[in-house]
Each structure stands twice: as structure tokens, then as C-alpha cells.
Amino acid sequence: MQETYQSIISQKEIDQIIKIAESENTLADFSNMTIQEMNLSEREIRCGLNFTNTVFLGSVYMGRTIVHGNIVFNGSVINNTTYFGEIKIAGDFLATRVVVKNSLNMVKGEIDGQFVMEKAHIQGFLGLNKIKVKGNTNLKGLKIIGMVTSSGIINGDVYLQNAEIQGSLDMESCNITGLADLNKINIWGFLNLADGEIKEALILKESYIKGETLFEGLKCKEKFVSFF
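The rules behind each value
Residues numbered from 1 in each chain as written. Predicted model: local features only at pLDDT ≥ 70, side-chain atom pairs only at ≥ 80, totals over all residues. Heavy atoms only, no water. Helix = DSSP H or I, 4+ residues; strand = E, 2+ residues; numbered from the N terminus. Buried < 20%, exposed > 50% of the residue type's maximum accessible area, 1.4 Å probe, protein only. Contact = heavy atoms within 4.5 Å. Phe/Tyr/Trp six-rings, centres within 6.5 Å; stacked < 30°, edge-to-face > 60°. Lys NZ or Arg CZ within 6 Å of the ring centre and 35° of its normal.

**A closer look at the side chain of Asn-50**
Checked against the element boundaries, Asn-50 lands in strand β6 (residues 49-50). Residue Asn-50 is classed as buried on the basis of its relative accessible area, which comes to 12%. Non-local contacts of Asn-50, meaning those with residues more than four positions away in its chain, are made with Leu-27, Ala-28, Asp-29, Phe-30, Ser-31 and Val-72.

Right, here's the structure in full:
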């Protein structure tokens, strides 16, 4: 039986697919593709982006990118650096079961819809400091583990310092091998940390939670909690 191999999509081909989708007012669909590396930083993209079950062999850069639609990474695998700093999404960010092998940083990101990383698996850290989400944030079943790099050890931490979430933050059953820093977070709905495990400290100081805060079944080495 003859074996077939899927071709690797280049940056030029990515740009062409996005251009066609923008002109036809449709979704740019990269689902089930293999992409070498993608850099869409500092661009305005006038369509949604679908990377369902996509494999990225290298890094993904979308720093200061404006996207007029949803971004979907459900089931995708990113094998290197993932940087979404100051991204603006006029829709949802959906990344259920995404696998990221060298940290994900979305510092100062702005999302008009929902933010979903349910059952995501991240090696390194998840950086969401100063993120703004108008909808709910779903990190249920999130798993973050540390990693060793040539420059040292990256702890499996999650950072949500000064984040503003206009919906709820659901981190039920999360597994974090480092610390969870939610210092000065502002949540308009509920915060759910039930049945999770944080190997190091939970930091939740000078924070505002309008709704209920759930800690039942949470395991952590230390807990620093104070509210306004």
C-alpha cells in the first residue's frame, strides 16, 4: 500500500488562505493541516481563524494582532513558543484540549467573547497577566507542567495578575505543578477552583470576586487569599 504524506503549509500559503477568506467573507480554515511556523504579528485580519487539530512544527506568533472573528485551536498541537501578547479578538478564543510544548503568553490580550482552554496541556507557563475577557473564562481541567530548557527550568505556573474577567473564571479540576498567581484579579462572576491541585502557592490577594468563590477539594502547598 502506498503511503501518503501531508504537505507542510508555508507562511506564504497561510497568507494566501487568509486573503481569500477575507475577500469572500468566510472563515480561514487551517483545520487538520501541518504548519511549519506561523507569524501573524501586528496585522489586522478581517476574518476568523480555524486551527482545529492543526499541528505546528515550530512557533506561533500573533503579538498585537487584531482578529475580526473567532480563533479556534481546539485539539491543535504547538511544538514551540506561542506568543499572543496584546492580541485583540472580536469573538471567542477556543482552545479545548490544545497541547502547547513551550509556554503560552497572552499578556494584555483582549477578547470580546469567551476564553476557553478546557483540558489544555501546557509545558512551561501560561501567561494571562492583564488579560481582558468580556465573556466567561473556562480553564477546567487545565494541566500545566514545568520544563527544562537550555537556559534553565521553567516552572509550570499560571499567571492572571490584574486580569479583568466580566464573566466567570472556572478552573475546576486544574492541575498546576507550579504556582497560580491571581493577584489583583477582577472577576464579575464566580471563581471556581474546586477539586484542583496547585503544587506550589495560590496567590489571590487584593482581588475582587463579585460572585461565589469555590475552594472545595482544592489542594495546594500554600494559600495567600484576601479580597476587597
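**Some points on the environment of Ser-168**
For Ser-168, the position within the fold is in the loop between β25 (164-165) and β26 (169-170). Its relative accessible area of 11% is what places Ser-168 among the buried residues. Setting aside its immediate chain neighbours within four residues, Ser-168 contacts Gly-135, Asn-136, Thr-137, Ile-187, Gly-189 and Phe-190.

**Examining the packing of aromatic side chains**
Taken as a whole, this structure holds nine aromatic pairs when the rule is applied. Between Phe-84 and Phe-93, the ring centres sit 5.9 Å apart and the planes meet at 70°, which makes this aromatic pair edge-to-face. You can call Phe-93 buried: its relative accessible area is 2%. Its guanidinium or amino end placed over the ring of Phe-215, Lys-223 lies 4.9 Å from that ring's centre, counting from NZ or CZ.

Remember that the coordinates give geometry; whether it matters functionally is a separate question.
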